Amino acid sequence: MKKYLVFIALIFTVLTSCKSQENNIKNTTVADLQKITQTSKKIQLLDVRTPEECSQGIIKDAIMINIFADDFEEIALKKLDKTKPVYVYCRSGRRSVSASVRLKKRGFDVYNILGGYIDYQKFTSTKKQ
């Protein structure tokens, strides 16, 4: 029985390590994003939420490209500059990972913003208090 558990653990480790190497996406926090936007103008901020979600508010200077658009990658190639890092966010941080993987495959230097717009709103509201 112990041999089977070791074997299963080994298989799990191999599978998860292969996935992380494939994605290899850099993550950042909303707090770090705030510091970066204050010190550097050479970044691109990408909002991948739906138009309905964006109508409820966006982060200043964000470029909006709906992750669900059939031509998401083509729009990104037209609107984004591959020489500048792209910081990607969505509502909570899940779709931004998917968008980050897709953009990375297209040659962009990508940072996924953990927690997305929800964490951004929490961060900015607590910072004002």
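- As annotated in an unreviewed UniProt entry, the chain is Rhodanese domain-containing protein from Tenacibaculum piscium.

1. Overview of the overall build of the chain
Step number 1: A count of helical and extended segments in the chain gives six helices and five strands.
Step number 2: Order of helices (α) and strands (β) in the chain, N terminus to C terminus: α-β-α-β-α-β-α-β-α-β-α.
Step number 3: Classification of the 129 residues of the chain by burial places 36% in the buried group.
Step number 4: Residue pairs at least 24 apart in sequence account for 66% of intrachain contacts in the chain once pairs closer than 6 positions are excluded.
Step number 5: As displayed, the chain offers around 8600 Å² of accessible surface, 57% of which is attributable to carbon and sulfur atoms.

2. Describing the layout of surface pockets
Step number 1: Taken as a whole, the largest pocket encloses approximately 330 Å³ of empty space.
Step number 2: If you trace the largest pocket, you find 13 residues lining it, with Thr37, Lys41, Leu45, Lys60 and Asp61 closest to the centre.
Step number 3: Looking at the lining of the largest pocket element by element, the count peaks at four residues for helix 2 (residues 30-39).

3. Overview of the nonpolar core
Step number 1: If you look at the biggest cluster of nonpolar residues, it comprises 14 residues, and the most contacted ones within it are Leu46, Val48, Phe72, Leu80, Val86, Val88 and Leu103.
Step number 2: Counting residues per element, the ones that place at least two in this core are helix 4 (72-79), strand 4 (86-89) and helix 5 (95-105).
Step number 3: The contact partners of Val86, leaving out residues within four places of it in the chain, are Gln44, Leu46, Leu80, Leu103, Phe108, Asp109, Val110 and Tyr111.
Step number 4: One finds Val30, Ile43, Leu45 and Tyr89 within the second-largest nonpolar core, a separate group that totals 11 residues.

4. Details of the packing of helix 4 against helix 5
Step number 1: Axis separation between helix 4 and helix 5 bottoms out at 11 Å; the angle between their running directions is 65 degrees. The element helix 4 and its partner helix 5 pack so that their crossing is right-handed. On helix 5, the residues that touch Phe72, Glu73 and Ala76 of helix 4 are Ala99, Arg102 and Leu103.
Step number 2: Along the lines of polarity and charge, the residues of the contact of helix 4 with helix 5 split into four nonpolar, no polar and two charged.

5. Topic: the pattern of salt bridges
Step number 1: Across all of its chains, the model carries six salt bridges by this definition.
Step number 2: The partner of Glu74 in a salt bridge is Arg106, and the shortest N-O contact between them spans 3.8 Å. On the criterion of sequence distance, the pair formed by Glu74 in helix 4 and Arg106 in the loop between helix 5 and strand 5 (110-113) is long-range, its members being 32 residues apart.
Step number 3: Linked through salt bridges whose partners overlap, the residues forming this network are Glu73, Glu74, Arg102 and Arg106.

6. Observations regarding the environment of Lys84
Step number 1: With respect to the helices, strands and loops of the structure, Lys84 is situated in the loop between helix 4 and strand 4.
Step number 2: Residue classification places Lys84 among the partly exposed residues on the basis of a relative accessible area of 32%.
Step number 3: Taking the C-alpha atoms as reference, Lys84 lies 6.1 Å from Lys42; in sequence the two are 42 residues apart.

Parameters at a glance
Residues numbered from 1 in each chain as written. Predicted model: local features only at pLDDT ≥ 70, side-chain atom pairs only at ≥ 80, totals over all residues. Heavy atoms only, no water. Helix = DSSP H or I, 4+ residues; strand = E, 2+ residues; numbered from the N terminus. Buried < 20%, exposed > 50% of the residue type's maximum accessible area, 1.4 Å probe, protein only. Contact = heavy atoms within 4.5 Å. Areas by Shrake-Rupley, 256 points an atom, 1.4 Å probe, with all protein chains shown as cover. 1 Å grid on protein atoms, 1.4 Å probe; cavity = no way out; pocket = protein on both sides within 12 Å on 5 of 7 lines; lining within 4 Å. Points joined across faces, edges and corners; volume = space filled by probe spheres on them. Core = buried A, V, L, I, M, F, W, Y, C linked by side-chain atoms within 4.5 Å. Axes fitted to C-alpha atoms, helices over the stretch in contact; angles between N-to-C directions. Left-handed = near helix turned anticlockwise from the far one by under 90°. Nonpolar A, V, L, I, M, F, W, Y, C, P; charged D, E, K, R; others polar. Salt bridge = Lys/Arg side-chain N within 4 Å of Asp/Glu carboxyl O.

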